[in-house]
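Fold and contact review
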Amino acid sequence: MTEPISVGSLKPILNMQPGALQKPIFQVLQVRKLTSVNNGVERYRVVLSDSIHYAQSMLASQKNELVISGKLHKGAIVELTQFSVNMMKERRIIIIINLNVLEQYGTLPKIGTPTSLEAPPTNVDKEENRNLEVPSINQATFYGNKPHMPILQNQKEEINNRISSVSSATIYPIESLSPYQNRWTIKARVTSKTEIKHWHNQKGEGKLFSCVFMDESGEIRATAFNDQVDMLYDVLQEGQVYFISKCRVNIAKKQFSNVQNEYELTFERDTEVEKCPDQSTVPQAKFNFVFLKDLDNVEKDSIIDVIGILKEVHESVEITSRTTQKFVYSKRDIFIVDSSNYSVRLTLWGKHALDFNIPQETVVAFKGLKVSEFNGRSLSLLNSGMVIANPQIEEAYSLKKWYDKQGKEESFATHQSIVTAIRKEERKTIAQIKDEQLGMAEQPDYFSIKATIVFFKQENAFYPACPTAGCNKKVIEDNEGGWRCEKCDKSFPAPQYRYILTISVNDHTGQIWLSCFDDVGRLIIGKSADDIVQMREENEQAALNIFHEANCKSYVFRVRAKQDSYNGAVRVRYQVMSASFINWAHECKLLTEIINSY
Ligand SMILES: [Zn+2]
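The name given to the protein in an unreviewed UniProt entry is Replication protein A subunit, and the organism recorded there is Pneumocystis jirovecii. Under the heading Subunit (unreviewed entry), UniProt records this for the protein: "Component of the heterotrimeric canonical replication protein A complex (RPA)." The record in UniProt for the protein states the following under Function (unreviewed entry): "As part of the replication protein A (RPA/RP-A), a single-stranded DNA-binding heterotrimeric complex, may play an essential role in DNA replication, recombination and repair. Binds and stabilizes single-stranded DNA intermediates, preventing complementary DNA reannealing and recruiting different proteins involved in DNA metabolism."

Spelled out as structure tokens, the structure:
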């Protein structure tokens with residue numbers, strides 16, 4: 001079907017030439033609600049195209065129903081049956097009084113490559129236009145903006161040549177940028193900005209930062225190197241709107257970015273960046289939220305957005321390099337929950353980790369999270385990611401409502417327990433571990449078991465360890481009453497006791513000995529080894545009771561089975577990597593699956 005567009009009819013209409021079409025047919029390029037509302041009446045602006053040019057129009061409010069019902073939309077073909085051309089702020093605009101949506105054409109992709117039609121001002125008396133009941137249009141919000149921007153023109157005297165060169169350029173939508181054209185200007189909001197990163201390698205050293213720009217058509221990432229970092233880092237501020245031109249357009253390296261664009265920008269020496277005097281007309285960040293429950297279905301390393309309630313905030317920790325002992329980065333874990341009744345660990349790094357000071361139970365939206373398989377499913381905020389507390393969006397309101405009403409009292413499932421149980425390592429029975437000779441081969445085997453503790457070895461359940469973070473070596477009491485670490489070459493007034501528990505566990509198929517390190521020991525004893533030592537000094541029986549109470553409890557143990565030579569004999573050692581309390585609901589599901597398979 002050929003589209004019945006009135007090709008080239010816009011220009012004579014806007015110029016009010018005699019003989020201009022009375023009932024032209026156009027394609028709708030965009031429909032948008034005006035932000036300023038007059039007397040409570042909503043107004044829509046519509047971008048019309050005759051396939052050669054496009055121009056803006058206002059829809060008479062009695063026709064709003066066409067937009068609300070979805071009949072009048074981007075891509076639709078319309079016939080204007082009644083319209084007028086009016087002057088507004090020295091520009092001509094079509095006021096649509098009546099129109100037919102030619103529904104038989106459905107939604108068509110953009111026809112042709114229409115360009116902006118800038119009609120020259122006429123001598124119409126401006127006083128007349130004041131009486132128009134149409135609200136003033138903020139032309140900067142139109143798709144494909146025009147060269148003449150009144151605000152900028154008023155200020156032209158005050159600003160330098162560079163600004164006027166930017167502002168007098170044609171504004172392109174971000175989605176139209178490509179390496180095949182180099183004369184463009186975008187008007188976009190910085191939705192995120194990274195820290196400055198330094199690199200050193202054989203070729204030399206340098207620095208860079210990147211930011212993400214957004215307009216109504218889409219997003220694009222831009223990166224600055226070296227001199228451009230000095231020039232632009234302080235100029236570009238998150239949340240502000242800028243005119244940007246003369247950057248290189250490259251194919252995007254998507255593995256480093258959550259931005260949905262085939263291309264990305266690199267700032268160059270003659271790149272022009274100017275803060276836009278009108279900050280209100282470019283949209284805020286867009287989100288593509290995933291429910292925490294659905295993280296299981298998201299591929300590892302995908303980049304997603306999430307909104308949740310902040311449930312737990314851990315201290316930020318400094319990570320130092322093992323070899324150089326030098327500070328490497330800061331890291332902070334937080335936990336968020338949502339109405340899908342899941343809780344997920346989210347890790348913040350660097351600046352995000354240090355600056356984080358949002359109180360618990362706040363609604364927080366995260367843009368640019370990487371999905372990792374660490375501990376089941378967890379999330380990690382990209383350097384270029386964004387954290388927005390209490391975003392003014394619908395999802396935030398309903399989440400807050402859910403949390404106040406019921407979420408506060410909920411217990412939350414985690415992807416951790418599920419993965420430990422079924423995804424990562426296969427669940428085994430103790431008989432299977434022995435039958436399948438797990439741990440007898442060169443490579444260690446990993447599996448999980450659901451078992452009950454039946455016995456603790458109480459002698460040598462812990463040892464005095466070096467209190468230096470990350471050392472954990474055994475310390476020996478020296479002659480002066482201090483405790484000496486050979487590795488750190490230092491003495492300490494007191495050691496830090498750490499568990500090396502040996503436990504006997506049973507399931508319905510047999511018995512096995514497991515070794516546990518300090519973190520697992522703390523979980524199943526419920527106290528630190530230091531606490532036990534102190535308790536034993538005060539009241540031996542109380543300490544014994546703690547072990548007694550910890551006995552006969554069931555856990556899911558994640559185990560590594562590995563060959564170990566001991567006094568010349570090779571045996572298999574079963575080391576507990578992690579233990580978790582049993583999620584009974586999940587266990588029932590597993591059992592149901594097993595039963596159903598018979
Ligand atoms: Zn040490």
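Across its full length, the protein holds 14 helices and 31 strands. Counting all 598 residues of the protein, 46% fall into the buried class. Considering only contacts in the protein between residues 6 or more positions apart, those separated by 24 or more positions represent 63%. Of the accessible surface of the protein, which amounts to about 32,200 Å², a share of 48% is contributed by carbon and sulfur atoms.

Below, the discussion takes up the environment of Gln-432. Tracing the backbone shows Gln-432 in helix 10 (residues 430-435). On the accessibility criterion, Gln-432 (31% relative accessible area) is partly exposed. Measuring from C-alpha to C-alpha, the distance between Gln-432 and Gly-510 comes to 9.5 Å, with 78 residues separating the pair along the chain.

Counting 43 residues, the largest nonpolar core has Ile-449, Leu-501, Ile-503, Val-505, Leu-514 and Phe-557 as its most contacted members. Considering each element in turn, this core owes the most residues, five residues, to strand 22 (residues 445-456). In contact with Ile-503, other than residues within four places in its own chain, are Ile-453, Phe-455, Phe-456, Ile-512, Trp-513, Leu-514, Cys-516, Ile-524 and Phe-557.

With that out of the way, let us pick up the pattern of salt bridges. Working definition: two side chains of opposite charge can pair if their charged atoms are close together. By the definition in use, this model includes 14 salt bridges. Two residues, Glu-219 and Lys-367, come together in a salt bridge whose shortest N-O distance is 3.8 Å. Note that Glu-219 is positioned in strand 11 (residues 219-225) and Lys-367 in strand 19 (residues 363-372), a separation of 148 residues in sequence. Take Glu-219 and Lys-367: they sit in the same class, and that class is buried.

With that settled, consider the sheet that holds strand 29 (residues 510-516). Strand pairs in the sheet, formed through backbone hydrogen bonds, run parallel or antiparallel to each other. Strand order in this closed barrel of five strands is 22-28-29-31-30, and the pairing throughout is mixed. The sheet shows a mean angle of 55 degrees between the axes of neighbouring strands, direction not considered. Of the strand pairs in this sheet, strand 22 and strand 30 (residues 554-566) are connected by eight bridges, and their pairing is antiparallel. Counterpart to Asp-445 in the pairing with strand 30 is Ala-561.

Once that is clear, we can look at the coordination of the zinc ion. Six octahedral donors around a metal ideally make angles of 90 or 180 degrees; four tetrahedral donors ideally make 109.5 degrees. At this site the zinc ion is bound by Cys-466 (SG), Cys-471 (SG), Cys-485 (SG) and Cys-488 (SG), with donor distances of 2.2 to 2.3 Å. Geometry at the zinc ion is tetrahedral, judged from the four donor atoms that bind it and their angles of 105 to 112 degrees at the metal.

Moving on, we get to the packing of helix 12 (residues 529-538) against helix 13 (residues 540-550). Look at helix 12 against helix 13: their axes get within 5 Å of each other, and the N-to-C directions meet at 140 degrees. Here helix 12 lies oblique to helix 13, going by the angle between them. Of the residues in helix 13, those in contact with Ile-532, Met-535, Arg-536 and Glu-538 of helix 12 are Glu-540, Ala-542, Ala-543, Ile-546 and Phe-547. Looking at the contact of helix 12 with helix 13, its residues break down into six nonpolar, no polar and three charged.

A few words on the packing of aromatic side chains. The tally for this structure, following the rule as stated, stands at 10 aromatic pairs. Between Trp-199 and Phe-225 the ring centres are 6.2 Å apart and the planes differ by 80 degrees, which places this aromatic pair in the edge-to-face class. With Trp-199 in strand 9 (residues 197-201) and Phe-225 in strand 11, this pair connects stretches of sequence that are 26 residues apart. Judged by relative accessible area, which is 28%, Trp-199 ranks as partly exposed. A centroid spacing of 6.0 Å and a plane angle of 55 degrees characterise the contact between Trp-402 and Tyr-403, whose relative ring orientation is tilted. The exposure classification of Trp-402 matches that of Tyr-403, with both residues buried.

On the basis of relative accessibility, which here comes to 11%, the residue Glu-219 falls in the buried class. Excluding residues within four positions of it along the chain, Glu-219 makes contact with Ile-174, Val-212, Phe-213, Met-214, Val-259, Gln-260, Asn-261 and Lys-367.

Our focus in this paragraph is the environment of Asn-64. Positionally, Asn-64 belongs in helix 2 (residues 64-68). The exposure class assigned to Asn-64 is buried, which follows from its relative accessible area of 8%. With 31 residues separating them along the chain, Asn-64 and Lys-33 place their C-alpha atoms 9.7 Å apart. For Asn-64, the contacting residues outside a window of four places in its chain are Glu-42, Arg-43, Tyr-44 and Leu-59.

Pairing is antiparallel across the open sheet formed by three strands, whose spatial order is 24-25-26. In this open sheet, the two edge strands, each paired with only one partner strand, are strand 24 (476-477) and strand 26 (490-492). Here three bridges tie strand 25 (residues 483-485) to strand 26, and the two strands are oriented antiparallel to one another. When the bridges of strand 26 are listed, Arg-484 appears paired with Ser-491.

Take Val-273: it is sitting in strand 15 (residues 272-275). Judged by relative accessible area, which is 7%, Val-273 ranks as buried.

Across its 13 residues, helix 14 (residues 584-596) extends 18 Å between first and last C-alpha, which sits within 8% of the 18 Å expected from 1.5 Å per residue. Of all the residues in helix 14, the buried ones are His-586, Glu-587 and Leu-590. Around the axis of helix 14, the buried residues are gathered within 100 degrees of arc, so they sit on the same side. Facing away from the buried side of helix 14 by over 90 degrees, the exposed positions are Trp-584, Ala-585, Lys-589, Ile-595 and Asn-596.

Moving on, we get to the confidence of the model for the protein. As a note on interpretation, predicted positions should not be read in detail where pLDDT is low. Looking at the protein, the pLDDT average stands at 81 and 84% of residues meet or exceed 70. Low pLDDT, under 50, characterises residues 119-168; the predicted model gives this stretch 98 contacts beyond four residues in sequence or across chains. pLDDT under 50 marks residues 417-424. Its contacts with residues more than four places away, or in other chains, come to 21 contacts.

Quick look at the state of the cysteines now. As enumerated under the stated definition, the model contains zero disulfides in all. Cysteine Cys-247 remains unbridged, with the sulfur of Cys-211 as its closest cysteine sulfur at 9.0 Å. The exposure class assigned to Cys-247 is buried, which follows from its relative accessible area of 8%.

Conventions adopted
- Residues numbered from 1 in each chain as written.
- Predicted model: local features only at pLDDT ≥ 70, side-chain atom pairs only at ≥ 80, totals over all residues.
- Heavy atoms only, no water.
- UniProt positions renumbered as here; feature names shortened; annotations may be inferred.
- Helix = DSSP H or I, 4+ residues; strand = E, 2+ residues; numbered from the N terminus.
- Buried < 20%, exposed > 50% of the residue type's maximum accessible area, 1.4 Å probe, protein only.
- Contact = heavy atoms within 4.5 Å.
- Areas by Shrake-Rupley, 256 points an atom, 1.4 Å probe, with all protein chains shown as cover.
- Core = buried A, V, L, I, M, F, W, Y, C linked by side-chain atoms within 4.5 Å.
- Salt bridge = Lys/Arg side-chain N within 4 Å of Asp/Glu carboxyl O.
- Pairing = 2+ DSSP bridges.
- Axes fitted to C-alpha atoms, helices over the stretch in contact; angles between N-to-C directions.
- Donors = N, O, S within 2.8 Å, 3.2 Å for Na, K, Ca; no water.
- Tetrahedral: all angles 85-135°; square planar, octahedral: opposite > 155°, others 65-115°.
- Parallel < 35°, antiparallel > 145°, perpendicular 65-115°, else oblique.
- Nonpolar A, V, L, I, M, F, W, Y, C, P; charged D, E, K, R; others polar.
- Phe/Tyr/Trp six-rings, centres within 6.5 Å; stacked < 30°, edge-to-face > 60°.
- Expected span 1.5 Å × (residues − 1).
- Arc of directions from axis to C-beta.
- pLDDT = per-residue confidence, 0-100.
- Disulfide = S-S within 2.5 Å.

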